[in-house]
Amino acid sequence: MSNITNEIIELGLIAAIEQAENSWREGGIPIGSTLLNEDGVIVARGHNQRVQSGDPTAHAEVDCVRKAGRRRDWHRLTLISTLSPCAMCSGTTILFKIPRVIIGENKTFLGAEDWMIKCGIVLTVLDDPRCIALMERMKREKPDLWAEDIGE
């Protein structure tokens, strides 16, 4: 993980934010994710596609993992997500033994961070104002869709 600098994290986060914005433009939920290899190269990008696909499991992190395809280097990757991963996305991260997760924000939604930490995953929460603004807009403009997404 030593090759991943703050600048590379920022580039990965920008790409995840772009994914979240893509989802919003498509009428979906504005959450995006990226996977970086140990050299900081983005190997996959994903965004929440629950609305677009009708698939309740099509969260950003799961979409990103699906797009990464079959691989054996999960244990050397870093997952970046604009929002704190829910239990399903945290479980996916744990299952594939992804050792590091960078979270854009966890103020609007706190996922299963304690579970990931208990499983040895290193978490970094950025409290990024761009990520917070995405979810605050979602909650303000489409509260029913947000409630559906988090199971309320």
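This section reports on the structure supplied with the text. Only a predicted model underlies this, so the values are computations on that prediction, with no experimental measurement involved.

Quick look at the packing of aromatic side chains now. This structure, assessed with the given rule, holds two aromatic pairs. Where Trp 74 meets Phe 96, the ring centres are 4.7 Å apart and the plane angle is 45 degrees; that geometry is what we call tilted. With Trp 74 in the loop between α3 (60-68) and β3 (78-81) and Phe 96 in the loop between α4 (87-95) and β4 (100-103), the pair connects residues that are 22 residues apart, well separated along the chain. Overall, Trp 74 belongs to the buried group, its relative accessible area being 9%. Taking the relative accessible area as the measure of exposure, Phe 96 reaches 30% and is therefore partly exposed. Ring geometry for Phe 109 and Trp 146: centres 5.9 Å apart, planes at 90 degrees, overall edge-to-face.

Even without being a glycine, Lys 97 presents a positive backbone phi close to 60 degrees. For Lys 97, the location among the structural elements is in the loop between α4 and β4. Despite not being glycine, Asp 127 has its phi angle at roughly 50 degrees, a positive value. Tracing the chain through its elements places Asp 127 in the loop between β5 (122-125) and α6 (129-141).

If you check helix α1 (residues 6-25), its first and last C-alpha atoms are 28 Å apart, about what 20 residues at 1.5 Å a residue would give, namely 28 Å. The set of residues buried in α1 consists of Ile 8, Ile 9, Gly 12, Leu 13, Ala 15, Ala 16, Ile 17, Gln 19, Ala 20, Ser 23 and Trp 24. Gly 27 sits one or two positions beyond α1 and adopts a positive phi of about 90 degrees.

Across its 13 residues, α6 extends 18 Å between first and last C-alpha, which sits within 8% of the 18 Å expected from 1.5 Å per residue. Taken as a whole, α6 has its buried residues at Cys 131, Ile 132, Leu 134, Met 135 and Met 138. Buried residues of α6 fall within an arc of 155 degrees about the axis and therefore sit on the same side. When the buried face of α6 is taken as reference, the exposed residues oriented beyond 90 degrees from it are Pro 129 and Arg 140.

Attention shifts here to the state of the cysteines. What makes a disulfide is a covalent bond joining the sulfur atoms belonging to two cysteines. As enumerated under the stated definition, the model contains zero disulfides in all. Unpaired in this structure, Cys 89 has its nearest cysteine sulfur neighbour in Cys 86, at a distance of 3.7 Å. Between Cys 131, a free cysteine, and Cys 64, which holds the nearest cysteine sulfur, the sulfur-to-sulfur gap is 14 Å.

Counting 15 residues, the largest nonpolar core has Leu 35, Trp 74, Val 101, Met 116, Ile 121 and Leu 123 as the members making the most contacts within it. Elements with a contribution of two residues or more to this core: α3 and β4. Not counting chain neighbours up to four residues away, the residues in contact with Val 101 comprise Leu 79, Pro 85, Thr 93, Met 116, Ile 121, Val 122, Leu 123 and Thr 124. Counting 13 residues, the second-largest nonpolar core is a separate cluster that includes Ala 60, Val 62, Cys 86 and Met 135.

Calculation criteria
Residues numbered from 1 in each chain as written. Predicted model: local features only at pLDDT ≥ 70, side-chain atom pairs only at ≥ 80, totals over all residues. Heavy atoms only, no water. Phe/Tyr/Trp six-rings, centres within 6.5 Å; stacked < 30°, edge-to-face > 60°. Helix = DSSP H or I, 4+ residues; strand = E, 2+ residues; numbered from the N terminus. Buried < 20%, exposed > 50% of the residue type's maximum accessible area, 1.4 Å probe, protein only. Expected span 1.5 Å × (residues − 1). Arc of directions from axis to C-beta. Disulfide = S-S within 2.5 Å. Core = buried A, V, L, I, M, F, W, Y, C linked by side-chain atoms within 4.5 Å. Contact = heavy atoms within 4.5 Å.

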